[in-house]
Amino acid sequence: MAKHTCLMIGGSGKAGGWIREFRSDFNDRIEIVGLADVKENVLKAQGEALGLSSSQLFTDFNEACASVKADFCGIATPPQFHSPAAIAAMENGMPVICEKPIADTLDAAKAMLRTSQNTGLPCTIIQNYRYADNKQELIRIRDENRLGRLQHIVGRYACDYRKHLSWGKLWRHEMDFGLLFEASVHHLDMLRFLSGGDCETLIGFGWNPEWSSFKHYSSGYYLMRMDNGVHTSYEGNSSAAGIINCWRSEYYRAEFEQGTVEIAGGNQMTVHRVGGEKEVYEAPGIRYHGHLYLFDEFLNWLEGGEPSDTRIEDNIKSFALVIAAMETTVDGEPKHIADLLGNLNL
Ligand SMILES: NC(=O)c1ccc[n+]([C@@H]2O[C@H](COP(=O)([O-])OP(=O)(O)OC[C@H]3O[C@@H](n4cnc5c(N)ncnc54)[C@H](O)[C@@H]3O)[C@@H](O)[C@H]2O)c1
């Protein structure tokens, strides 16, 4: 199979990580033939590393999308550029793989979805934390009915970002609802994934402790009722001190009919059965983890395989949870997800 050519939008930060992984793990399947970034120094450094000529480097993604005829477009810029870049790419005939969150507003996310539907081009969103050994094992426990029916799941994210700039980029500390758009979008998606249901109703609160390093709310509690009867609760905290459940170590507790499963960092599964000994074991390994899984799945889709599980038609159901959480934080009212997604053809 010939290599898939790629126009990459974004060249450093997370995008730099994509480029490293494309080269280390997918060198036989992906060739970057164009790069767009607003920073000249990033273009220069990555251009040299990738062996690209100046005609393959762009400071404007619209120009890049109009000029580069690649087999797909990868997007890993800050969120407000995802939708315009993805729309430009698809309108120029390129399927898209894009970082989370889909966009910065629901309207922008819907426009991106509609462009994918109108052009018939694949568009998928990164949800890397689904592809971890312990999360996949929890899904097997649920689907194989090993502990009976699932009642509810508790999720906890807690990072110590009390120091200014400790969360990598200034924009994360300055944006509105940074917890929801940059962090909870992963965890609310995870609660959908682990529960096996889509959210019907979401309600909760957000706040900013006085010692927060964020301009806007760093913390929140949110509850969801899923359409399969499972309930979920979420504690999100970017001002955590003491007990930390930061990236790749978030805590999830699933309450089943005949026992409880706990997961956090590493691959350890802890199963508590009524009347039984606590069982602790390592989850079986999966072939690809995180981004690598999603890159492989997307390339397979381009080669005629199954659509990505986190394609935009599905992932907008997770993105809508961020919007619902934002709205309930503002007005205190429960949010019905169908009201947010009602006019879409999903
Ligand atoms: N899935 C994950 O685990 C994970 C982790 C970190 C970040 N992210 C996501 O990755 C995305 C990027 O985050 P980041 O921290 O790398 O951001 P960043 O600020 O480092 O930006 C990434 C790159 O995009 C470039 N860029 C900015 N505006 C641009 C534009 N208009 N056109 C072209 N290039 C532009 C920047 O110069 C930079 O090189 C965000 O959506 C973020 O949520 C995901």
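Model, not experiment: these values are computed from the prediction.

The rules we used
- Residues numbered from 1 in each chain as written.
- Predicted model: local features only at pLDDT ≥ 70, side-chain atom pairs only at ≥ 80, totals over all residues.
- Heavy atoms only, no water.
- Domains from an automatic or database assignment.
- Contact = heavy atoms within 4.5 Å.
- Buried area = accessible area lost by both parts, 1.4 Å probe.
- Salt bridge = Lys/Arg side-chain N within 4 Å of Asp/Glu carboxyl O.
- Polar contact = N/O pair within 3.5 Å; in protein donor to acceptor, adjacent residues only side chain to side chain.
- Nonpolar A, V, L, I, M, F, W, Y, C, P; charged D, E, K, R; others polar.
- Pairing = 2+ DSSP bridges.
- Helix = DSSP H or I, 4+ residues; strand = E, 2+ residues; numbered from the N terminus.
- Near = heavy atom within 4 Å.
- Areas by Shrake-Rupley, 256 points an atom, 1.4 Å probe, with all protein chains shown as cover.
- 1 Å grid on protein atoms, 1.4 Å probe; cavity = no way out; pocket = protein on both sides within 12 Å on 5 of 7 lines; lining within 4 Å.
- Sits in = over half its atoms within 2 Å of the grid points.

*Asks:* Tell me what's going on with the domain arrangement of the protein, and back it up with residues and numbers.
*Replies:* How big an interface is tends to be stated in terms of the accessible area lost upon association of its parts. Per the domain assignment, the segments making up the protein are domain 1 (4-125) and domain 2 (129-287 + 320-340). The distance between the C-alpha centroids of domain 1 and domain 2 comes to 29 Å. In this complex, domain 1 contributes nine residues to the contact, which on the side of domain 2 involves eight residues. Together domain 1 and domain 2 conceal approximately 720 Å² of surface at their shared face, both sides included; 69% is due to carbon and sulfur atoms. Three residues, Lys100, Pro101 and Leu106, lead the burial of domain 1 against domain 2; their summed loss comes to 59% of the area buried on that side. The interface formed by domain 1 and domain 2 holds one salt bridge in total. Linking Lys100 and Glu182 is a salt bridge whose minimum nitrogen-to-oxygen distance equals 3.6 Å. There are two residue pairs in polar contact (both at pLDDT 80 or more) connecting domain 1 and domain 2. Partitioning the side of domain 1 that touches domain 2 into residue classes produces five nonpolar, one polar and three charged.

*Asks:* Which residues make up the pairing of strand S14 (residues 279-282), and what are the values?
*Replies:* The pairing of strand S13 (residues 268-273) with S14 spans four bridges and is antiparallel. Directly across from Val271, in S14, lies its bridge partner Glu279.

*Asks:* Can you break down the site of the ligand residue by residue, with the values?
*Replies:* Neighbouring the ligand are 29 residues, the closest being Ser12, Lys14, Asp37, Lys169 and Arg172. The fraction of the free accessible surface of the ligand (840 Å²) that becomes covered by protein chains is 90%. Counting atoms within 2 Å of the grid points, the majority share of the ligand lands in the largest pocket. Secondary structure elements with two or more residues in the shell around the ligand: helix H7 (170-174) and helix H8 (178-195). Partitioned by chemical class, the residues of the shell around the ligand number twelve nonpolar, nine polar and eight charged.

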